[in-house]
Amino acid sequence: MLVSVVIPTYNRLPILQQCLRALEAQQPLDPGDSFEVVLVDDGSTDGTVEWIEREAAALPHVRLICQEHGGPAIGRNLGVDHAKGEVIIFIDSDLVVVPEFLRHHVHSLRQAWQRDGNRLCFTYGAVINTHNFESPESEPHKLSDLSWAYFATGNVAIDKTVLQESGLFDPSFQLYGWEDLELGERLRRMGVRLVRCPAAAGYHWHPPLNLEQVPELVRKERERAKMGLVFYRKHPTRRVRFIIQFTIWHRLLWELLTLGGLLNERSLRPLLAWLIRRGHPGVAMELLRLPLNRISVVAMQREAQAAGIA
């Protein structure tokens, strides 16, 4: 069996280098099995393409596909189109996987196929968040790493035919957020089952919070709100309302936790700066999530009112 690891990337060269090297260092698969890495560059301007071309000999499993900047949904679809494998594994380009990553996904899929008598399932590996760039794999698994998402493309494996029958990713998700969970809703309706595979772990690196990142984080929350409504228009259900936080209960929750907006990215700035100076960027990020969630919920309500969505 050939496995295709599909990775969209955009201006993430330093961590992408670790990502690809970890894949090249995978333990051998079972006899007859092999893998390829389909890397889709989404118009990077940081030298990604040039580095891949220079390092081709050290990256024998990697095939580079280039597109104009169009976002991860279009990039993943393009990667699937070019993939030769019968199994697709999606990871992000800032994920550094363990040496047994591919083996665990493949074994778990095969066991599920044999047990169920069909291929209507996908495996979901563990994602461990870390700020440690030099040694991301040294990060312990934390309670905050648990995810309740049904289908998140940070670390999933699925039969290619099943994926194609779902319709792949909706390219109308051109801004930040929700394209993978929306595909997950369609997979759920097809009866495609989630199989947890925590041993197929990956370390998701992101830089520690600094105050210069705050405007970009706010921008992403506003984009997430817009894309949340795209999600809801396609699946106008109570379940999706709760996923995207488009309920009165979420509005009340974040109004309460931010004291009606008094705790915001500006008023919290001195405390965030102090926490960062004290070496606690993770705590600062968790605190910042309070106003960020309110920003998303409020923006979504305004977008919905403007569009006439109840």
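Calculation notes
Each residue is numbered by its place in its chain's sequence as written, counting from 1. Note on the predicted model: pLDDT of at least 70 is required for a residue's local features to be given, and 80 or more for side-chain atom pairs to be given and counted; whole-chain, interface and lining totals, by contrast, use all residues. The side-chain numbers reported here are obtained from all heavy atoms of the structure, hydrogens and water having been left aside. Each Phe, Tyr or Trp ring (for Trp, its six-membered ring) is paired with any other whose centre lies within 6.5 Å, and the angle between the two planes then decides the class: stacked below 30 degrees, edge-to-face above 60, tilted in between. Going along the chain from the N terminus, every DSSP run of H or I of four or more residues is numbered as a helix, and every run of E of two or more is numbered as a strand. The buried label goes to any residue with under 20% of its type's maximum accessible area, the exposed label to any with over 50%, and the partly exposed label to all in between, with areas taken from a 1.4 Å probe on protein chains only. We call two residues contacting when some pair of their heavy atoms lies within 4.5 Å. Any two strands between which DSSP finds at least two bridges are classified as paired. Axis definition: a line fitted to C-alpha atoms, limited for helices to the stretch in contact. Angles are taken between N-to-C directions and run from 0 to 180 degrees. The patches described consist of residues with a relative accessible area above 30% and no salt bridge, like charges being joined within 9 Å and nonpolar side chains (Val, Leu, Ile, Met, Phe, Trp, Tyr) within 5 Å. Accessible surface area values rest on a Shrake-Rupley calculation with a 1.4 Å probe, where residue burial reflects the displayed protein chains alone. Any carboxyl oxygen of Asp or Glu within 4 Å of a side-chain nitrogen of Lys or Arg constitutes a salt bridge here. For classification purposes, angles smaller than 35 degrees are called roughly parallel, those larger than 145 roughly antiparallel, those between 65 and 115 roughly perpendicular, and all remaining angles oblique. Crossing handedness is defined as follows: a turn of the near helix away from the far one that is anticlockwise and smaller than a right angle gives a left-handed crossing, while the clockwise case is right-handed. Under the convention adopted here, Pro, Cys and the residues Ala, Val, Leu, Ile, Met, Phe, Trp and Tyr are nonpolar, Asp, Glu, Lys and Arg are charged, and Gly plus all remaining residues are polar. Convention used here: a crossover is right-handed provided that the path from the first strand, over the helix, to the second strand proceeds clockwise when the strands point away from the viewer. Residues belong to one nonpolar core when they are buried, are Ala, Val, Leu, Ile, Met, Phe, Trp, Tyr or Cys, and are joined through side-chain atoms within 4.5 Å.

Outline the packing of aromatic side chains, listing residues and values.
All chains considered together, the criterion is met by six aromatic pairs. Here W178 and F231 contribute two aromatic rings whose centre-to-centre distance is 6.1 Å and whose plane-to-plane angle is 45°, an arrangement assigned as tilted. Linking W178 in the loop between α5 (160–166) and α6 (179–189) with F231 in helix α7 (residues 214–234), this pair joins segments that are 53 residues apart in sequence. You can call W178 buried: its relative accessible area is 11%. Residue F231 is classed as buried on the basis of its relative accessible area of 0%. Here the aromatic rings of Y232 and F246 are separated by 5.5 Å at their centres, their planes lie at 75°, and the arrangement is edge-to-face.

Before we move on, could you go through the environment of W178 and cite the residues and values that matter?
Sequence-wise, W178 and R189 are eleven residues apart; in three dimensions their C-alpha atoms are separated by 17 Å. Those residues in contact with W178 that sit more than four places away from it in its chain are F173, R224, M227, G228, F231, I243 and I244.

Any chance you could break down the sheet that holds strand β6 (residues 121–130) for me, citing the residues and the numbers?
Remark on secondary structure: sheet strands pair via backbone hydrogen bonds, oriented parallel or antiparallel. Pairing is mixed in the open sheet, where eight strands are placed in the order β3-β2-β1-β4-β7-β6-β8-β5. Each edge of the sheet is formed by a strand with only one pairing partner; in this case those strands are β3 (62–66) and β5 (95–97). Each adjacent strand pair in this sheet contributes to an overall mean axis angle of 30°, direction not counted. Relative to strand β8 (residues 193–205), β6 is paired through nine bridges, and the arrangement is parallel.

So, a nonpolar patch on the surface: which residues are in play, and what are the values?
A surface patch of nonpolar side chains, about 470 Å² in accessible area, is lined by F242, I248, W249 and L252. When residues of the nonpolar patch are assigned to their parent elements, the largest contribution, three residues, is made by helix α9 (residues 248–257). By the element assignment, W249 lies in helix α9.

Give me the lowdown on the packing of α9 against helix α11 (residues 281–307), citing residues and values where you can.
Running from N to C, α9 and α11 cross one another at 140°; their axes reach a closest spacing of 9 Å. In terms of orientation, α9 and α11 fall into the oblique class. The crossing of α9 and α11 is left-handed. Only L290, N293, R294, V297, V298 and Q301 of α11 make contact with α9, whose side of the interface consists of H250, R251, W254, E255 and L257. In terms of residue class, the contact of α9 with α11 is made up of five nonpolar, three polar and three charged.

Which residues make up the pattern of salt bridges, and what are the values?
Once the charged atoms of two side chains with opposite charge are near each other, the side chains can pair. For the structure on display, the rule yields 24 salt bridges. Of the charged contacts, one joins R12 and D94 as a salt bridge, the two residues approaching to 3.3 Å between their closest N and O atoms. Of this pair, R12 sits in the loop between β1 (2–9) and α1 (13–24) while D94 sits in the loop between β4 (87–91) and β5, placing them 82 residues apart in sequence. Residue class for R12 comes out partly exposed when judged on its relative accessible area of 34%. You can call D94 buried: its relative accessible area is 5%. With a shortest N-O distance of 3.1 Å, R76 and E179 are connected by a salt bridge. Of this pair, R76 sits in helix α3 (residues 72–82) while E179 is found in helix α6, placing the two residues 103 residues apart along the sequence. Under the relative-accessibility criterion, E179 is labelled buried at 7%. It is possible to trace a salt-bridge network through shared partners that takes in D170, E182, R186 and K234.

So what about the pairing of strand β2 (residues 34–41)? Which residues, and what values?
Of all eight residues that make up β2, seven are buried, and the element is covered over most of its length. Alignment of β1 against β2, held across eight bridges, turns out to be parallel. Of the residues in β2, the one forming a bridge with V6 is V38. At this point the chain moves from β1, through α1, to the parallel β2, and the crossover so formed is right-handed. Pairing of β2 with β3 involves five bridges; the strand directions are parallel.

Summarise the nonpolar core; cite the residues concerned and give the values.
In terms of nonpolar packing, the biggest core is built from 42 residues, with I7, L20, L23, I89 and I91 touching the most fellow members. Considering each element in turn, this core owes the most residues, seven residues, to α1. Those residues within four positions of L23 in sequence are excluded, and the remaining contacts are V5, I7, F35, V37, I91 and V97. Of all hydrophobic cores here, the second largest spans 41 residues; its members include V38, Y150, Y232 and F246.

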